[in-house]
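The lines below spell out each chain.
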Amino acid sequence: MTENNAYEAVVVGGGAAGLSAALVLGRARRRTLVVDTGEPRNAPSAHLQGYLTRDGMSPAEFLAVGREEVAGYGVELVRDRAVDARRDGAGFTVDLASGGTVRARHLVIATGLKDELPAVPGLAERFGRDVVHCPYCHGWEVRDLPTGVLATSPLSVHQALMVTQWSQDVRLFLHGTSESELTDEDLRRLTTAGVAVVPGRVAGLVVTDDRLTGVALADGTVHEREVLYAAPRALPNNGLLVRLGAELRETPFGAYPVIDERGLTTVPGLWAAGNTSGFAEQVVNAASRGYRAGAAINGELLFADLDAAARV
């Protein structure tokens, strides 16, 4: 860390969104710091998908290349955790877990979210391998395999229907949800799509030679499956936004900040990007959000300085 702890921009979170914002700011010759814990959400995945020219790249390699790129433009990176933040005049002061503090004229929160998996034995150990959550992220890699979908919310029917684009052998495990909770439209669509509805609670997974081979129900029956989709509960890492007074909006996937098209929250100088700003920001979208915020911050800094100079 530099002796002078004042930055034009501090980015909290070094994933696709945070590094993308830092890249734009570094190229704009802005003094920028990225604070990152080194705990990416997609660490369990062997690859990322749907990012043009980066399709199939490992998340670890993606982040390593990103850190190297931003460092080449003078951006500072520190492995640390931002534990608190507060307004400090026209800017912000950020407290770090290591005991240090940094100051920023603009603050970007790109801390993402955490996945809380359903409490099914064995699910967490397989997550990111043959237990997956997103067909756009993993559907091609597990195409045409016997597939299950674990019902965890009213949106699980939608997920099961989407999955039929990648497999014609799909079973929806109700996992305690009653068939009476499914609407007539749900049942019609599931039947039309060829999705078998399986009542009963899922008790665990059957794993053979380190491969998922079945889904076991509480009544002892086993359904042979090689893939299981399970939607985690999203827990946004929005603590710093809450402390700084940003307005939040409630969604079925958690509370996210109210932002404009650039990523600016309701607090001047406070920005949100990536999965901190919304649930469905996949890697390519998160990078786009970060880019947009970085460019907007550079413009805000430029005109603020010009206006200040004109008043002298």
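Summary of the structure given here. (Residues numbered from 1 in each chain as written. Predicted model: local features only at pLDDT ≥ 70, side-chain atom pairs only at ≥ 80, totals over all residues. Heavy atoms only, no water.)

1. A closer look at the side chain of Arg225
Put simply, the rule reads: The helix and strand labels rest on DSSP assignments: H or I over at least four residues marks a helix, E over at least two residues marks a strand, and numbering proceeds from the N terminus. For every residue, the accessible area obtained with a 1.4 Å probe (protein chains only) is divided by the maximum for its type, and the residue is called buried under 20%, exposed over 50%, and partly exposed between those limits. What qualifies as a polar contact is a pair of N or O atoms within 3.5 Å, subject to a donor-acceptor requirement within protein and to the restriction that residues adjacent in sequence count only when both atoms come from side chains.
With respect to the secondary-structure elements, Arg225 resides in the loop between β14 (222-224) and β15 (227-230). A residue is classified by how much of its surface remains accessible, and Arg225, at 2% relative accessible area, is buried. Separated by 2.9 Å, the side chain of Arg225 and the backbone oxygen of Thr147 make a polar contact.

2. Things to note about the sheet that holds strand β9 (residues 147-150)
How we decide: Should DSSP find at least two bridges between two strands, the strands are regarded as paired. Working rule for contacts: check all heavy atoms of both residues, and any pair within 4.5 Å makes them a contact. All axes here are fitted lines through C-alpha atoms, helices being fitted over the stretch that makes contact, and every angle between N-to-C directions spans 0 to 180 degrees.
Here we have five strands laid out as an open sheet, ordered β8-β15-β9-β10-β11, and parallel in their pairing. Strand pairing shows two members of the sheet lacking a second neighbour, β8 (131-132) and β11 (196-198), which therefore form its edges. Across the sheet, helix α5 (residues 156-163) is in contact with β9, β10 (170-173) and β15; its angle to β9 comes to roughly 165°.

3. Observations regarding the packing of aromatic side chains
Selection rule: Centres within 6.5 Å are what make two rings of Phe, Tyr or Trp a pair, Trp counting through its six-membered ring; a difference in plane orientation under 30 degrees is then read as stacked, over 60 as edge-to-face, and the rest as tilted. Here, a charge over a ring is recorded when the distance from Lys NZ or Arg CZ to the ring centre is within 6 Å and its angle to the ring normal is within 35 degrees.
Per the counting criterion, the structure on display carries three aromatic pairs. Between the NZ or CZ atom of Arg31 and the centre of the ring of Tyr7, over which it lies, the distance is 4.3 Å. Sitting over the face of the ring of Trp140, Arg143 holds its NZ or CZ atom 4.0 Å from the ring centroid.

4. With respect to the environment of Pro268
Note that Pro268 resides in the loop between β18 (254-257) and β19 (270-272). In this structure, the C-alpha to C-alpha distance between Pro268 and Gly91, residues 177 residues apart in sequence, is 8.8 Å. Filtering out sequence-adjacent residues up to four positions away, Pro268 remains in contact with Arg87 and Phe92.

5. A word on the side chain of His175
For His175, the position within the fold is in the loop between β10 and α6 (184-193). For His175, a relative accessible area of 13% corresponds to the buried category. A polar contact of 3.5 Å, which involves the side chain of His175, links it to the side chain of Arg201. When neighbours within four sequence positions are excluded, His175 is seen to be in contact with Val120, Leu150, Ala151, Gly200, Arg201 and Val202.

6. Remarks on the packing of α5 against α6
The line we're drawing: Note that the term roughly parallel is reserved for angles under 35 degrees, roughly antiparallel for angles over 145, roughly perpendicular for angles of 65 to 115, and oblique for everything else. Whether a crossing is left-handed or right-handed is set by the direction in which the near helix is turned from the far one by less than a right angle, anticlockwise for left-handed and clockwise for right-handed. For this classification, Asp, Glu, Lys and Arg are treated as charged, while Ala, Val, Leu, Ile, Met, Phe, Trp, Tyr, Cys and Pro are nonpolar and the rest, including Gly, are polar.
At a minimum axis distance of 10 Å, the contact between α5 and α6 shows a crossing angle of 20°. With respect to α6, the element α5 is oriented roughly parallel. Remark: the crossing between α5 and α6 carries left-handed chirality. Residue-level contacts link Val157, Ala160 and Leu161 of α5 to Asp186, Arg189, Leu190 and Ala193 of α6. Across the contact of α5 with α6, the residue classes tally to five nonpolar, no polar and two charged.

7. Focus: the pairing of strand β16 (residues 233-236)
Looking down a regular strand, the side chains alternate between one sheet face and the other. Alternating positions in β16 separate cleanly, Ala234 and Pro236 being buried on one face and Arg233 and Leu235 remaining unburied on the opposite face. Of the strand pairs in this sheet, strand β7 (residues 113-116) and β16 are connected by four bridges, and their pairing is antiparallel. Directly across from Glu116, in β16, lies its bridge partner Arg233.

8. Structural notes on the sheet that holds β14
Sheet architecture is open: three strands sit in the order β12-β13-β14, paired in antiparallel fashion. Across the chains shown, the open sheet's two edge strands, defined by having one partner strand only, are β12 (202-208) and β14. Direction aside, the axes of adjacent strands within the sheet are offset by 30° on average.

9. Section: the nonpolar core
Test applied: Put simply, a nonpolar core is a bunch of buried Ala, Val, Leu, Ile, Met, Phe, Trp, Tyr and Cys residues held in one set by side-chain atoms that sit within 4.5 Å of each other.
Among the nonpolar cores identified, the biggest contains 25 residues, and Phe62, Trp271 and Ile297 are the most heavily contacted of them. Counting only elements with at least two residues in this core, the list comes to β1 (6-12), α1 (16-27), α2 (59-71) and α8 (283-311). By residue number, the principal contributor to this core is α8, which donates six residues. Excluding anything up to four places from it in sequence, Phe62 contacts Ala16, Leu48, Tyr51, Arg54, Met57 and Val283. One finds Tyr7, Val35, Leu96 and Ile109 within the second-largest nonpolar core, a separate group that totals 21 residues.

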